[in-house]
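# Summary of structural features
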Amino acid sequence: MAFMEKPPAGKVLLDDTVPLTAAIEASQSLQSHTEYIIRVQRGISVENSWQIVRRYSDFDLLNNSLQIAGLSLPLPPKKLIGNMDREFIAERQKGLQNYLNVITTNHILSNCELVKKFLDPNNYSANYTEIALQHVSMFFRSEPKWEVVEPLKDIGWRIRKKYFLMKIKNQPKERLVLSWFESSVYTFGNGIRLQADLGPDKYLSDKDFQCLIKLLPSCLHPYIYRVTFATANESSALLIRMFNEKGTLKDLIYKAKPKDPFLKKYCNPKKIQGLELQQIKTYGRQILEVLKFLHDKGFPYGHLHASNVMLDGDTCRLLDLENSLLGLPSFYRSYFTQFRKINTLESVDVHCFGHLLYEMTYGRPPDSVPVDSFPPAPSMAVVAVLESTLSCEACKNGMPTVSRLLQMPLFSDVLLTTSEKPQFKIPTKLKEALKIAKECIEKRLIEEQKQIHQHRRLTRAQSHHGSEEERKKRKILARKKSKRSAIENSEEHSAKYTNSNNSDHASFALVKSTCDRRRH
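Bear in mind that the values here come from a model prediction, so they are computed numbers and not experimental data. (Residues numbered from 1 in each chain as written. Predicted model: local features only at pLDDT ≥ 70, side-chain atom pairs only at ≥ 80, totals over all residues. Heavy atoms only, no water.)

Turning next to the layout of surface pockets. By volume, the second largest pocket amounts to about 500 Å³. Around the second largest pocket, the lining comprises 22 residues; the ones closest to its centre are Asn106, Cys267, Pro365, Pro366 and Asp367. Within the residue set of the lining of the second largest pocket, elements represented by two or more residues are α3 (107-110), α7 (249-254) and α12 (345-362). Within the lining of the second largest pocket, the residues separate by chemical class into 13 nonpolar, 5 polar and 4 charged. (1 Å grid on protein atoms, 1.4 Å probe; cavity = no way out; pocket = protein on both sides within 12 Å on 5 of 7 lines; lining within 4 Å. Points joined across faces, edges and corners; volume = space filled by probe spheres on them. Helix = DSSP H or I, 4+ residues; strand = E, 2+ residues; numbered from the N terminus. Nonpolar A, V, L, I, M, F, W, Y, C, P; charged D, E, K, R; others polar.)

Rendered as structure tokens:
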């Protein structure tokens with residue numbers, strides 16, 4: 001696709017990472033239950049909103065499904081008697097609003113399929129695992145050497161990317177993992193359904209996209225997890241890698257089982273403990289080396305997080321290079337779209353590296369970004385890197401380059417012992433297509449950041465204008481203006497009265513003078 005060319009007719013761009021917000025606008029009591037009318041909005045645009053109707057039992061069902069996360073969520077308790085009283089309904093509505101606020105501001109919960117289906121049933125009602133299984137089964141009818149063992153349900157965070165445990169028929173003991181991603185169907189408010197593109201950042205033509213996906217198995221690098229098989233068409237992609245029983249870097253940090261659902265593994269870790277300093281230094285250096293390799297090759301990434309780093313002994317290997325080709329949004333997109341200085345894919349990777357380093361250091365993600373102050377770390381060299389990627393100053397002024405991070409004391413003295421020579425030959429034509437796609441991705445990011453910045457300024461101005469302090473100021477000014485106006489009116493009236501008196505005196509004097517002349 002040419003630079004910033006619009007998507008083909010009949011296709012739309014649905015970004016699953018754009019936050020959903022929900023506000024209960026009203027409640028209505030029917031004969032046996034109460035319904036809550038909820039306004040849901042995607043992103044900052046009021047036009048991109050819709051209404052849903054939910055009963056308390058719907059909230060209860062959602063809450064039961066989210067218990068796998070191990071979080072204590074503030075759902076108001078059930079009440080069998082008196083649950084139709086007006087005061088009780090008003091109080092429950094407040095509690096349900098608080099519940100919605102909690103789940104929509106939790107980074108992992110807000111992106112999970114259960115919450116998306118609850119808030120946006122038109123676009124997330126499909127059984128994605130079942131659909132993926134059907135397509136995968138059809139594909140392997142012409143590839144008899146592979147066999148699907150079982151779905152690995154919900155092990156990842158992406159709603160439309162599904163995983164399956166595989167085996168090769170003549171090697172039954174060897175296990176592989178297949179990832180499948182398919183474009184979605186987007187439903188408008190008027191009921192029109194259109195096929196969406198693979199991802200909102202897919203700017204490659206279908207031909208270039210398919211060629212690059214098929215090139216991935218040829219990519220050899222000591223810190224990239226090898227792709228065994230890859231294929232794609234204009235609306236889906238299928239990749240196979242070896243299954244690693246030890247799991248990802250995130251599994252190591254959270255002491256999690258790789259096959260468990262994402263919510264169970266990472267929402268509420270039982271034990272919070274960072275890695276040893278040497279592990280932080282080694283893994284960090286390896287990840288930075290592969291990021292530099294990809295940037296030098298002109299291959300956009302933008303998808304660094306701890307679940308996309310596979311562990312192989314003491315070696316980190318990057319996963320999911322296909323995500324940028326598919327045009328998928330980043331796990332941390334809702335963070336870096338807030339900062340206009342994080343506007344290139346390299347700066348995105350550096351900022352995401354900061355998130356990953358924080359998790360490696362403290363055993364959990366930061367509570368919020370930017371980070372005002374950092375807890376004690378195994379070394380001040382760690383804090384220096386964190387400050388350069390996650391602090392207020394860094395987010396305001398911009399990220400260092402990957403090369404600059406490699407020169408920092410935390411990583412500069414790490415010795416890498418691998419002898420494997422990196423190989424990834426990308427034809428010149430495809431390099432040019434990647435360059436154009438990268439520019440398009442960055443341009444969309446800059447435009448989104450601009451809109452968010454403008455919306456934030458407008459919201460601040462409106463909030464300031466509507467604050468109690470501002471209302472008091474306006475009242476005082478109004479009183480002063482009224483008083484000044486009254487004084488001015490009084491002065492004007494007095495002046496008129498004086499002028500009138502002067503005029504009367506002058507008239508009287510004129511008449512007297514005339515009479516005197518006649519008398520004489």
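Now that the structure is up, let's keep going.
Pairing in this open sheet of 3 strands is antiparallel, and the strands run β2-β3-β4 from one edge to the other. Both edges of this open sheet fall to β2 (20-29) and β4 (49-55), since each of them pairs with a single strand only. If you compare each strand with its neighbour and ignore which way they point, the axes differ by 25° on average. Pairing between strand β3 (residues 34-42) and β4: 7 bridges, direction antiparallel. Residue pairing in the sheet places Ile37 in a bridge with Val53 of β4. Contacts between helix α2 (residues 86-105) and the sheet are confined to β2 and β3, with β2 contributing the most and set at about 165° to the helix. (Pairing = 2+ DSSP bridges. Axes fitted to C-alpha atoms, helices over the stretch in contact; angles between N-to-C directions. Contact = heavy atoms within 4.5 Å.)

Okay, the side chain of Arg92 next. Inspection of the secondary structure assignment puts Arg92 in helix α2. Put simply, Arg92 is tucked away with no salt bridge, and the nearest opposite charge, on Asp60, sits 8.8 Å away. Those residues in contact with Arg92 that lie beyond four places of it in its chain are Tyr36, Tyr56, Pro76, Pro77, Lys78 and Lys79. (Buried < 20%, exposed > 50% of the residue type's maximum accessible area, 1.4 Å probe, protein only. Lys, Arg positive; Asp, Glu negative; His and termini not counted. Salt bridge = Lys/Arg side-chain N within 4 Å of Asp/Glu carboxyl O.)

With that settled, consider helix α9 (residues 277-297). In a regular helix each residue adds 1.5 Å, so 21 residues correspond to 30 Å; α9 covers 30 Å between its end C-alpha atoms and thus fits that length. Of the residues one or two after α9, Gly298 is the one with positive phi, at around 75°. (Expected span 1.5 Å × (residues − 1).)

Let us now look at helix α1 (residues 56-66). Within α1, burial applies to Tyr56, Phe59, Asp60, Leu62, Asn63 and Leu66. Looking straight down α1, one finds that the buried residues subtend no more than 165° of arc, so they occupy a single side. (Arc of directions from axis to C-beta.)

This part covers empty space enclosed by the protein. Applying the stated criterion to the full structure yields 5 cavities of 30 Å³ or more. Space inside the largest cavity adds up to approximately 440 Å³. In this structure, the largest cavity is lined by 29 residues; those nearest its centre are Ile155, Tyr163, Thr248, Ser307 and Leu319. For the lining of the largest cavity, the secondary-structure elements that each account for two or more residues are β6 (161-168), β7 (171-182), β11 (236-242) and α8 (262-266).

The subject of this paragraph is the pattern of salt bridges. A side chain with one charge can pair with a side chain of the opposite charge if their charged atoms come near. Counted by the stated rule, this structure contains 27 salt bridges. Its salt-bridge partner being Lys250, residue Glu359 comes within 2.6 Å of it at the nearest N-O pair. Remark: Lys250 occurs in helix α7 and Glu359 occurs in helix α12; sequence separation between them is 109 residues. Each member of the pair, Glu359 as well as Lys250, carries the same accessibility label: buried. Put simply, Lys438 and Glu442 hold a salt bridge, and the shortest N to O gap is 3.0 Å.

The nonpolar side chains of soluble globular proteins are, as a tendency, buried together. Grouped together as the largest cluster of nonpolar side chains are 115 residues, with contacts concentrated most on Leu66, Leu249 and Leu304. Leu66 has contacts with Leu73, Tyr99, Ile103, Leu109, Cys112, Leu114, Val115 and Leu263, leaving out every residue within four places of it along the chain. Val136, Phe140, Trp146 and Ile168 belong to the second-largest nonpolar core, a separate cluster that totals 12 residues. (Core = buried A, V, L, I, M, F, W, Y, C linked by side-chain atoms within 4.5 Å.)

Geometry of a packed helix pair, given as the angle between the helix axes and the separation of the axes. Closest axis-to-axis distance for the α9/α12 pair is 11 Å, and the angle between their directions is 165°. In this view, α9 runs roughly antiparallel relative to α12, as classed from their interaxial angle. The two elements α9 and α12 meet at a crossing, and its hand is right-handed. For the pair α9 and α12, the contacting residues are Ile280, Tyr283, Gly284, Ile287, Leu288, Leu291 and His295 in the first and Leu345, Glu346, Asp349, Phe353, Leu356, Leu357, Met360 and Thr361 in the second. The class makeup of the residues in the contact of α9 with α12 is 10 nonpolar, 3 polar and 2 charged. (Parallel < 35°, antiparallel > 145°, perpendicular 65-115°, else oblique. Left-handed = near helix turned anticlockwise from the far one by under 90°.)

Bridge count for β6 against β7 is 8 bridges, and the pairing is antiparallel. The partner of Lys167 across the bridge, within β7, is Arg175. The pairing of β7 with β11 spans 7 bridges and is classified as antiparallel. Bridge pairing in β11 places Leu176 opposite Met242.

As a further point, take the packing of α12 against helix α13 (residues 380-390). Their axes nearest at 8 Å, the elements α12 and α13 cross at an angle of 140°. Regarding the angle of α12 to α13, the classification is oblique. The way α12 lies across α13 gives a crossing that is left-handed. Where α12 approaches α13, its residues Val350, His351, Phe353, Gly354, His355, Leu357, Tyr358, Thr361 and Tyr362 are matched on the opposing element by Val382, Val385, Leu386, Thr389 and Leu390. Among the residues making up the contact of α12 with α13, the classes are represented as 9 nonpolar, 5 polar and no charged.

Take the sheet that holds β7 next. In sheet architecture, strand pairing relies on hydrogen bonds along the backbone and comes in two forms, parallel and antiparallel. In spatial order, the strands read β5-β6-β7-β11-β10; together these 5 strands make up an open sheet with antiparallel pairing. Edge positions in the open sheet fall to β5 (146-151) and β10 (229-233), since each of these has one partner strand only. Across this sheet, the average inter-strand angle for adjacent strands is 25°, counted without regard to direction. Against the sheet, helix α5 (residues 128-139) touches β5, β6, β7, β10 and β11, its axis set at about 40° to β6.

Moving on, we get to the packing of aromatic side chains. Inspection of every chain in the model, using the stated rule, returns 16 aromatic pairs. With centroids separated by 6.1 Å and ring planes inclined at 45°, the aromatic side chains of Trp146 and Phe229 adopt a geometry described as tilted. Of the two residues, Trp146 is situated in strand β5 and Phe229 in strand β10; the sequence distance between them amounts to 83 residues. According to the relative accessible area criterion, Trp146 is buried, its value standing at 5%. Centre to centre, the rings of Phe331 and Tyr332 are 5.0 Å apart; their planes meet at 70°, and the pair counts as edge-to-face. (Phe/Tyr/Trp six-rings, centres within 6.5 Å; stacked < 30°, edge-to-face > 60°.)

Further remarks concern the environment of Asp85. Within the secondary structure, Asp85 is located in the loop between α1 and α2. For Asp85, a relative accessible area of 44% puts it in the partly exposed group. Residues Asp85 and Ser29 lie 56 residues apart in sequence; the distance between their C-alpha atoms is 9.6 Å.

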